[in-house]
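Letter by letter, the chains look like this.
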Amino acid sequence: MTTRRLETRIHPDDRIDPGKTGPQVMRHVTVNVAESPIAWLAARGHLSGAQLAAGEKLRADYERAGLAGRVTMRWDAAAPAKTRGGAKAADASLARIDAHRRFHAALNAAGPGLADICWRVICAGEGIGCAEKGLGWPARSGKLVLGLALDRLARFYGTG
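Rules behind the numbers
- Residues numbered from 1 in each chain as written.
- Predicted model: local features only at pLDDT ≥ 70, side-chain atom pairs only at ≥ 80, totals over all residues.
- Heavy atoms only, no water.
- Helix = DSSP H or I, 4+ residues; strand = E, 2+ residues; numbered from the N terminus.
- Buried < 20%, exposed > 50% of the residue type's maximum accessible area, 1.4 Å probe, protein only.
- Areas by Shrake-Rupley, 256 points an atom, 1.4 Å probe, with all protein chains shown as cover.
- Salt bridge = Lys/Arg side-chain N within 4 Å of Asp/Glu carboxyl O.

Visitor: So what exactly am I meant to see when it comes to the overall build of the chain here?
Guide: Helices and strands together make up the secondary structure of the chain, namely six helices and two strands. Listing every helix and strand of the chain by position from the N terminus yields β-β-α-α-α-α-α-α. Out of the 160 residues in the chain, the part that is buried amounts to 31%. Here the chain displays about 10,400 Å² of accessible surface, and carbon together with sulfur accounts for 57% of that area.

Right under this line is the structure:
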């Protein structure tokens, strides 16, 4: 039985007030590292540290941009004015727009043939075998193609 390792991660883009300097409240997110297919591959020596870091940055941009499908209805209302929290909402939406642009620029840098495996394995969390079947690829080709895609993402994000 494998142990599940949980980590709490904080990102500078998640600050409540980006214009404010000094300590402030940030969003804490608990991540199950054993849940990620690329973390599983890296733990077994199939991916380098730079490839893992690039994949995690792509997944962070995907999550921060809010590109995943919603399961339920969105209940939060837009802020009525800047005096009642409108500025914080605007800063949060700007961070989301920046993450959206970075995500699509990273997939463009990976290339049209490699963006599919990146999205399926890194963002959607599919296993390599499921991604190979979904893309109609031969068995045991996904790990090699994912490695090439992660090399391009590492060059884009500057982690390699």
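There's plenty left to go through after this.
Visitor: What exactly am I supposed to notice about the pattern of salt bridges here?
Guide: Side-chain pairs of opposite charge can arise whenever the charged atoms involved come near each other. Tallying each qualifying case throughout the model produces four salt bridges. Note that R59 is salt-bridged to E56, the shortest N-O span being 2.8 Å. A residue pair is termed a helical-turn pair when its members lie 3 or 4 positions apart in one helix, as R59 and E56 do in helix α2 (residues 49–65) at three residues. Here D61 and R64 are joined by a salt bridge, their closest N and O atoms 3.8 Å apart. One end of the pair, D61, and the other, R64, are both in helix α2, three residues apart, so they sit about a helical turn from each other. Assessed through its relative accessible area of 4%, D61 is described here as buried.

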